[in-house]
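Residue-level structural notes
Below, each chain spelled out in residue letters.
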Amino acid sequence: MNEPEISLAALFGDAPRDPDPQFIAKVDALVQLDQAHALRRRRAWRRFAGDIVVAGAIALPALGLSLGQAAELIGTNHVALIAAASMVALTGWAATNRWAGV
């Protein structure tokens, strides 16, 4: 055997010692932790996207209705209707929000 073959045989030969079970357990635990973290991150992004869609679906129509009526309501005593529409939108969003999350 020539020099490079001897070096390769030394690199890929049997290990001079037994595998370390503690090291293997630590690496396995870190891999599982990384997988769990990735799963939680995907769930959090899905929840966030769902919350944005729900908030938009509630707030945009309420805002449109409020602004559509605002010109007629300003100067009258019906400003409470705009505040009520905003509170309904906020309450609907809070009711559908998943802050308590699983």
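Calculation criteria
- Residues numbered from 1 in each chain as written.
- Predicted model: local features only at pLDDT ≥ 70, side-chain atom pairs only at ≥ 80, totals over all residues.
- Heavy atoms only, no water.
- Helix = DSSP H or I, 4+ residues; strand = E, 2+ residues; numbered from the N terminus.
- Buried < 20%, exposed > 50% of the residue type's maximum accessible area, 1.4 Å probe, protein only.
- Areas by Shrake-Rupley, 256 points an atom, 1.4 Å probe, with all protein chains shown as cover.
- Phe/Tyr/Trp six-rings, centres within 6.5 Å; stacked < 30°, edge-to-face > 60°.
- Patch = residues over 30% accessible without salt bridge, like charges linked within 9 Å, V, L, I, M, F, W, Y side chains within 5 Å.
- Salt bridge = Lys/Arg side-chain N within 4 Å of Asp/Glu carboxyl O.
- Lys, Arg positive; Asp, Glu negative; His and termini not counted.
- Charge placed at Lys NZ, Arg CZ, Asp CG, Glu CD.
- pLDDT = per-residue confidence, 0-100.

Here the focus is the overall build of the protein chain. The helix and strand inventory of the protein chain stands at 3 helices and 0 strands. Going residue by residue from the N terminus, the α and β elements of the protein chain occur as α-α-α. Each of the 102 residues in the protein chain was classed as buried or not, and the buried ones make up 10%. Surface accessibility of the protein chain: about 8,700 Å² in total, with carbon and sulfur atoms responsible for 68%.

Across all of its chains, the model carries 1 aromatic pair by this definition. Arranged with centres 5.8 Å apart and planes meeting at 85°, the rings of W45 and F48 form a pair that is edge-to-face. Residue W45 and its partner F48 are located together in helix α2 (residues 21–73), separated by 3 residues, close to a single helical turn. A relative accessible area of 57% places W45 in the exposed class. Relative accessible area serves as the criterion here: at 47%, F48 is assigned to the partly exposed category.

The grouping of R40, R41, R42, R43 and R46 at the surface amounts to a positive patch. Tracing the chain through its elements places R46 in helix α2. Residue classification places R46 among the exposed residues on the basis of a relative accessible area of 58%.

The subject of this paragraph is the confidence of the model for the protein chain. For the protein chain, per-residue confidence averages 77 on the pLDDT scale, and 76% of positions sit at 70 or higher. Across the protein chain, α2 holds the top mean pLDDT of 84, while helix α3 (residues 79–96) sits lowest at 71.

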